[in-house]
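Analysis of the macromolecular model
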Amino acid sequence: MSASIAYPEFVGLFERYNLSIWPLQLVGHLAGLIVLVLMLIRWKHSQTAVFAFLAVFWVFIGVVFHFMYLGSLYLPERTFAVLWGAQSALFAFSAIRSSGFLTRSTEWYAILGWLAIGYSLIGYPVLGFLLRGSVLRIAWFGGFPCPMALFTLAILVLAEGPLPKWLLIVPGFWAVGGLIPFLWGIREDLGLIILGVLIVGSIVVRDRRKRPKGQPVDVAARKPLPHSIEHHAAGRTAMQTPNSGENIPHGQFPRKSAGIGKRKSSCEVRLSAMGP
């Protein structure tokens, strides 16, 4: 963000923007609650649904808030619409490629995630109303970038890692960039700065700790690859025959059982025919 926008102009933009997108503020909070439910239940498409939700709201904020409204005050602000659109594309790609449950982390840093969710859904509107005295001057969740960036970081830290680091670039940058609107007078963005930086650091530490050293990682699934078939075969030292249960060294053929394949001589055949 640029520091050339004055506080009265920025607050006036809040009023016009909130009036124009009403009742999207209610829809955004309802969607946020749905995401919380998806994280608490074990639905087979929960991960896809959460990433799809993030993709929709990130592209909306990029186009409507940054390009159309904030860009009308300061033209270079429209460049942030590109960043938010790119982040939305990454979430859409993750929604297509991912499947299964969105596993909730139970580590200590999960506390940061729940605090960030509460702050983005409740803390922002409450503090915004107390500081500026009007519901039209609140940075509502679902329509404003700072609450959405903090909520996104909360989802990423609550999910079991490791995660692709490119999902952290724009939300992490926005957590640090929250210093600029804070200096403009949007004091509630202090929570974004503190919680956002702590969450990004926690994700980096978590992923380094959970990934085994020297083990290859599947880029799409971000999971350690299983041992190859060749490695498994090389580690075998013996195999078991299906009939005898005999352990045979790897690479050798089983011996024939006694009496199997043995032919009687012609004398034995004649003697047996003559009887006792």
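The present account deals with the structure reproduced in this document. Everything quoted here is computed from the prediction, not taken from an experiment. (Residues numbered from 1 in each chain as written. Predicted model: local features only at pLDDT ≥ 70, side-chain atom pairs only at ≥ 80, totals over all residues. Heavy atoms only, no water.)

Our next topic: the overall build of the protein. Looking only at helices and strands, the protein has 11 helices and 2 strands in total. Helices and strands appear in the protein in the N-to-C order α-α-α-α-α-α-α-α-α-α-β-β-α. (Helix = DSSP H or I, 4+ residues; strand = E, 2+ residues; numbered from the N terminus.)

This next bit is on the pattern of salt bridges. Per the counting criterion, the structure on display carries 4 salt bridges. Residue Asp207 pairs with Lys165 through a salt bridge whose shortest N-O separation is 2.9 Å. In this pair, Asp207 is assigned in helix H9 (residues 189-210) and Lys165 in the loop between helix H6 (145-158) and helix H7 (169-177), connecting sequence segments 42 residues apart. Using a relative accessible area of 2% as the deciding quantity, one classes Asp207 as buried. On the accessibility criterion, Lys165 (33% relative accessible area) is partly exposed. Residues Arg206 and Asp207 are paired through a salt bridge, measuring 2.9 Å at the closest nitrogen-oxygen approach. Here the salt bridges share partners, and the residues they tie into one network are Lys165, Arg206 and Asp207. (Salt bridge = Lys/Arg side-chain N within 4 Å of Asp/Glu carboxyl O. Buried < 20%, exposed > 50% of the residue type's maximum accessible area, 1.4 Å probe, protein only.)

When you line up the elements, Thr79 lands in helix H4 (residues 79-97). C-alpha separation for the pair Thr79 and Phe67, spaced 12 residues apart in sequence, amounts to 7.8 Å.

This part covers empty space enclosed by the protein. Where empty space is left can be seen by rolling a probe of water-molecule size over the atoms. Under the definition given, this model contains 1 cavity of 30 Å³ or more. For the largest cavity, the lining is made up of 12 residues, of which Phe10, Phe14, Phe144, Cys146 and Asp189 are closest to its centre. Taken together, the elements giving at least two residues each to the lining of the largest cavity come down to helix H1 (7-21) and H6. Among the elements that make up the lining of the largest cavity, the one with the highest residue count is H6 (3 residues). A per-class count over the lining of the largest cavity returns 11 nonpolar, no polar and 1 charged. (1 Å grid on protein atoms, 1.4 Å probe; cavity = no way out; pocket = protein on both sides within 12 Å on 5 of 7 lines; lining within 4 Å. Points joined across faces, edges and corners; volume = space filled by probe spheres on them. Nonpolar A, V, L, I, M, F, W, Y, C, P; charged D, E, K, R; others polar.)

Here helix H5 (residues 110-132) is 23 residues long and its end C-alpha atoms lie 31 Å apart, about the 33 Å a rise of 1.5 Å per residue gives. When the local axis directions of H5 are compared, the greatest deviation, roughly 45°, occurs at Tyr119. Positioned one or two residues after H5, Gly133 has a phi angle of 70°, which is positive. (Expected span 1.5 Å × (residues − 1). Bend = angle between axes of the 7 residues up to and from the residue.)

Turning next to the packing of aromatic side chains. Counted according to the given criterion, the structure contains 20 aromatic pairs. Relative to Phe57, the ring of Phe53 lies with its centre 4.8 Å away and its plane at 50°, an arrangement referred to as tilted. Of this pair, Phe53 and Phe57 both sit in helix H3 (residues 46-73), 4 residues apart, roughly one helical turn. Phe53 sits in the buried class, given a relative accessible area of 10%. Joined through ring pairs, the aromatic side chains of Phe10, Phe14, Tyr17, Phe65, Tyr69, Phe144 and Trp184 make up one cluster. If you follow Arg78 out to its NZ or CZ, it ends over the ring of Phe67, 4.6 Å from the centre. In this structure, Arg187 is placed above the aromatic ring of Phe182, and the distance from its NZ or CZ to the ring centre is 5.0 Å. (Phe/Tyr/Trp six-rings, centres within 6.5 Å; stacked < 30°, edge-to-face > 60°. Lys NZ or Arg CZ within 6 Å of the ring centre and 35° of its normal.)

Here the amide bond leading from Trp22 into Pro23 is cis, since omega sits at 10°, within 30 degrees of zero. Position of Pro23 among the secondary structure elements: in the loop between H1 and helix H2 (24-40).

Counting 62 residues, the largest nonpolar core has Phe10, Phe53, Leu54, Ile117, Met148 and Phe151 as its most contacted members. Of all elements in the fold, only H1, H2, H3, H4, H5, H6, H7 and H9 reach the threshold of two or more residues within this core. Broken down by element, the residue count for this core peaks at 12 residues, all from H3. When neighbours within four sequence positions are excluded, Met148 is seen to be in contact with Phe53, Leu54, Phe57, Trp58, Ile61, Trp84, Phe141 and Gly142. (Core = buried A, V, L, I, M, F, W, Y, C linked by side-chain atoms within 4.5 Å. Contact = heavy atoms within 4.5 Å.)

Between the first and last C-alpha of H1 there are 21 Å, a value that for 15 residues agrees with the 21 Å anticipated at 1.5 Å per step. The set of residues buried in H1 consists of Phe10, Val11, Gly12, Leu13, Phe14, Tyr17, Asn18 and Ile21. Buried-residue contacts for H1 involve H2, H3, H5 and helix H8 (179-184).

This part covers a nonpolar patch on the surface. A cluster of nonpolar side chains, namely Ile122, Val126, Leu127, Phe129, Leu130, Leu131 and Val135, defines an oily patch on the protein surface of about 650 Å² accessible area. With respect to the helices, strands and loops of the structure, Ile122 is situated in helix H5. (Patch = residues over 30% accessible without salt bridge, like charges linked within 9 Å, V, L, I, M, F, W, Y side chains within 5 Å. Areas by Shrake-Rupley, 256 points an atom, 1.4 Å probe, with all protein chains shown as cover.)

Let us now look at the packing of H4 against H7. For the pair H4 and H7, the least separation of the axes is 9 Å and the interaxial angle reads 140°. By the angle between their axes, H4 is oblique relative to H7. Taking contact as the criterion, the partners of Phe80, Leu83, Trp84 and Gln87 in H4 are, on H7, Val170, Pro171, Phe173 and Trp174. In terms of residue class, the contact of H4 with H7 is built from 7 nonpolar, 1 polar and no charged. (Axes fitted to C-alpha atoms, helices over the stretch in contact; angles between N-to-C directions. Parallel < 35°, antiparallel > 145°, perpendicular 65-115°, else oblique.)

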